[in-house]
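Tertiary structure, described
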Amino acid sequence: MTGKFYEAEDVIWYGNAWQSAQYYLWGVKPVDIDVSKETKKWIFAFTKEDHRKLIGRWNEQKQNKNTEN
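Residues numbered from 1 in each chain as written. Predicted model: local features only at pLDDT ≥ 70, side-chain atom pairs only at ≥ 80, totals over all residues. Heavy atoms only, no water.

**Describing the sheet that holds strand β1 (residues 11-14)**
As summarised here, the arrangement of the 3 strands in space is β1-β3-β2, forming an open sheet in which the pairing is antiparallel. Looking at which strands have only one partner, the edges of the open sheet turn out to be β1 and β2 (32-35). Here the average twist between neighbouring strands, direction ignored, is 25°. Where β2 meets strand β3 (residues 42-47), 4 bridges bridge the pair, whose relative direction is antiparallel. Across the sheet, Asp34 pairs through a bridge with Ile43, a residue of β3. The sheet strands contacting helix α1 (residues 17-25) are β1 and β3, and the helix crosses β3 at an angle near 45°. (Pairing = 2+ DSSP bridges. Helix = DSSP H or I, 4+ residues; strand = E, 2+ residues; numbered from the N terminus. Axes fitted to C-alpha atoms, helices over the stretch in contact; angles between N-to-C directions. Contact = heavy atoms within 4.5 Å.)

Shown next, in the form of structure tokens:
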């Protein structure tokens, strides 16, 4: 959908729109967007490199949010 070329084995698909939106706000754009046939929800492909850079930050902010409650 984005018109970007990529190798399928070089991306990770996310079904979590909130996580994908946060990655976007952190400056990382998805390389592709699609709709899951199973869930009928948007899914977003990010490079594995971007995943490695941001997954720790994502988990940390999620953990911090859970400890605030």
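On we go.
**With respect to the nonpolar core**
Core analysis: the largest hydrophobic core is formed by 7 residues, namely Tyr14, Tyr23, Val28, Phe44, Phe46, Leu54 and Trp58. Elements supplying a minimum of two residues to this core: β3 and α2 (48-68). Here Val28 is in contact with Tyr23, Phe46, Asp50 and Leu54, once residues within four sequence places are set aside. (Core = buried A, V, L, I, M, F, W, Y, C linked by side-chain atoms within 4.5 Å. Buried < 20%, exposed > 50% of the residue type's maximum accessible area, 1.4 Å probe, protein only.)

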